[in-house]
Amino acid sequence: LISKILNGKVKNPDDFSYRTLDFVKNITTDELNLFKKVVIFFTYDKIIYIPKSNANDGFFDITYAEIMKLIELGLIQPSITTVAKIKDKKEGDILSISFKLFKKGLNLPVKNDIKNVDLPILTLSDPGYDIASLFELNEKDWERFSKYIDELVDFLKTKGFEIQNK
């Protein structure tokens, strides 16, 4: 991972901040593995949707302690009460969620008019976002991602969305 960042820095000096370089030289392999466990779920806008009402008990197969560790490391922004606000959606409107690492998306038609829905999220920090796209994914990651999508879809159905494709 460090060599990928350094190689990118040499090829294009503006790709990675010095803050990210400084951060990576101090992170352990265990911390990177923990980050990968979470980061495979992030979207193009640095968001990880939490498929439940809040993250106080963790989510999916990620514990609250693991979330707090990633916040402490500076990979995730330090607020676990953050929400994505979905406002004034009419029946038939589409909410699209695109996941960056797997290049997959969900199109979520609104089932009934929605005035206001809060979807709990985690947000990657800038160094977290820089590092996230460098992970190489494997079959096990794809299986976890697929299970996460199933859980997210079930949660979103409770918020008034239907699932068009996944």
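Refer to the structure presented above.
Each value, and the rule that gives it
- Residues numbered from 1 in each chain as written.
- Predicted model: local features only at pLDDT ≥ 70, side-chain atom pairs only at ≥ 80, totals over all residues.
- Heavy atoms only, no water.
- Helix = DSSP H or I, 4+ residues; strand = E, 2+ residues; numbered from the N terminus.
- Buried < 20%, exposed > 50% of the residue type's maximum accessible area, 1.4 Å probe, protein only.
- Contact = heavy atoms within 4.5 Å.
- Core = buried A, V, L, I, M, F, W, Y, C linked by side-chain atoms within 4.5 Å.

Turning our eyes to something else, we now look at the overall build of the protein. Secondary structure summary: the protein contains 6 helices and 5 strands in total. For the protein, the sequential pattern of α-helices and β-strands runs α-α-α-β-α-β-β-β-β-α-α. Counting across all 166 residues of the protein, residues that qualify as buried make up 46%. Counting contacts in the protein only where the partners sit at least 6 residues apart, residues at least 24 apart contribute 74% of the total.

So, about the nonpolar core. In this structure, Phe35, Ile48, Tyr49, Phe59, Leu119 and Tyr148 are the most contacted members of the largest nonpolar core, which totals 51 residues. Here this core takes 7 residues from helix α6 (residues 139-157), the largest share from any one element. If sequence neighbours within four positions are ignored, Tyr49 has contacts with Thr43, Phe59, Ala84, Ile97, Leu119, Pro120, Ile121, Tyr148 and Leu152.

Within the secondary structure, Lys159 is located in the segment after α6. With 47 residues separating them in the primary sequence, Lys159 and Asn112 have C-alpha atoms 9.9 Å apart. Leave out the neighbours within four places in its chain, and Lys159 touches Ile114, Val117, Asp118 and Leu119.

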